[in-house]
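Chain and residue survey
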Amino acid sequence: DVKVTQSSRYLVKRTGEKVFLECVQDMDHENMFWYRQDPGLGLRLIYFSYDVKMKEKGDIPEGYSVSREKKERFSLILESASTNQTSMYLCASSSLAGGPYEQFFGPGTRLTVL
Amino acid sequence: TQLLEQSPQFLSIQEGENLTVYCNSSSVFSSLQWYRQEPGEGPVLLVTVVTGGEVKKLKRLTFQFGDARKDSSLHITAAQPGDTGLYLCVRKLIWGLGTSLAVNP
């Protein structure tokens, strides 16, 4: 089974802190994604990556950056956390062979910014 | 702009009832995925539909893709409490807001 793990299930940070959210997948998938999920707004794509060191902006990249130095790891960085970044963050991966839109998700990180 | 409309937004039913939820768009889909998300967890892929008119079955779940590939439906027969969750449709990387289903024992 594909496994996507995220570094923390719950995280509490202060406004202005730099925050790192880590995601690791163990199925050699080419594509990796970061979403945030908010009530009434659904899942919104922040960034995705289709290869090592490659990244593409999603619908809401402002205030975020990403890093993909290794194929299995995709990191989301909040350079200076703000209260409006309080959300559930979901990481996903998919393969080109299996269908790039058939995504496997991690359990999510619920981030609270105080 | 919300490109995928899901209805109903909320549904609460008794165990054993049947239900249908819908996913609609004004645009033609090339393919569409359905996911289920349980509280506090990530979405889990249920099915991909590709061909207009296609019907796929997954145990008590039946997925249908409209002939014109602008709409899709998910029908659950004899719902069970384990079916409780948020049902999401997605086209490429655009997600619907989901139907939140509660099946009461």
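Criteria and thresholds
- Residues numbered from 1 in each chain as written.
- Chains lettered and ligands numbered in written order.
- Predicted model: local features only at pLDDT ≥ 70, side-chain atom pairs only at ≥ 80, totals over all residues.
- Heavy atoms only, no water.
- Helix = DSSP H or I, 4+ residues; strand = E, 2+ residues; numbered from the N terminus.
- Rg over C-alpha atoms; globule rule 2.2 N^0.38 Å.
- Buried < 20%, exposed > 50% of the residue type's maximum accessible area, 1.4 Å probe, protein only.
- Contact = heavy atoms within 4.5 Å.
- Areas by Shrake-Rupley, 256 points an atom, 1.4 Å probe, with all protein chains shown as cover.
- Lys, Arg positive; Asp, Glu negative; His and termini not counted.
- Charge placed at Lys NZ, Arg CZ, Asp CG, Glu CD.
- Core = buried A, V, L, I, M, F, W, Y, C linked by side-chain atoms within 4.5 Å.

**Remarks on the overall build of chain B**
In terms of regular secondary structure, chain B is built from zero helices and eleven strands. For chain B, the N- to C-terminal ordering of α and β elements is β-β-β-β-β-β-β-β-β-β-β. For 105 residues, the compact-globule formula gives about 13 Å, and the C-alpha radius of gyration of chain B, at 13 Å, lands near that figure. The C-alpha extent of chain B, read off along each of the three principal axes, is 40 × 25 × 20 Å. Looking at chain B as a whole, 43% of its 105 residues qualify as buried. Taking as baseline every contact in chain B between residues at least 6 positions apart, the subset at least 24 positions apart corresponds to 50%. As displayed, chain B has an accessible area near 5,100 Å², and 50% of this comes from carbon and sulfur atoms. In chain B, the 9 positive side-chain charges and the 9 negative ones have mean positions that sit 9 Å from each other.

**Focus on the nonpolar core**
Among the nonpolar cores identified, the biggest contains 21 residues, and Leu-19, Leu-32, Trp-34, Phe-63, Leu-74, Ile-76 and Leu-101 of chain B are the most heavily contacted of them. Elements with a minimum of two residues in this core: β3 (19-24), β4 (32-37), β5 (44-49), β7 (61-65), β8 (71-76), β9 (85-91) and β11 (99-104) of chain B. Excluding anything up to four places from it in sequence, Ile-76 of chain B contacts Glu-17, Asn-18, Leu-19, Arg-60, Leu-61, Asp-83, Tyr-87 and Leu-101 of chain B. Among the nonpolar cores identified, the runner-up in size contains 20 residues, and Val-4, Val-19, Cys-23 and Leu-111 of chain A belong to it.

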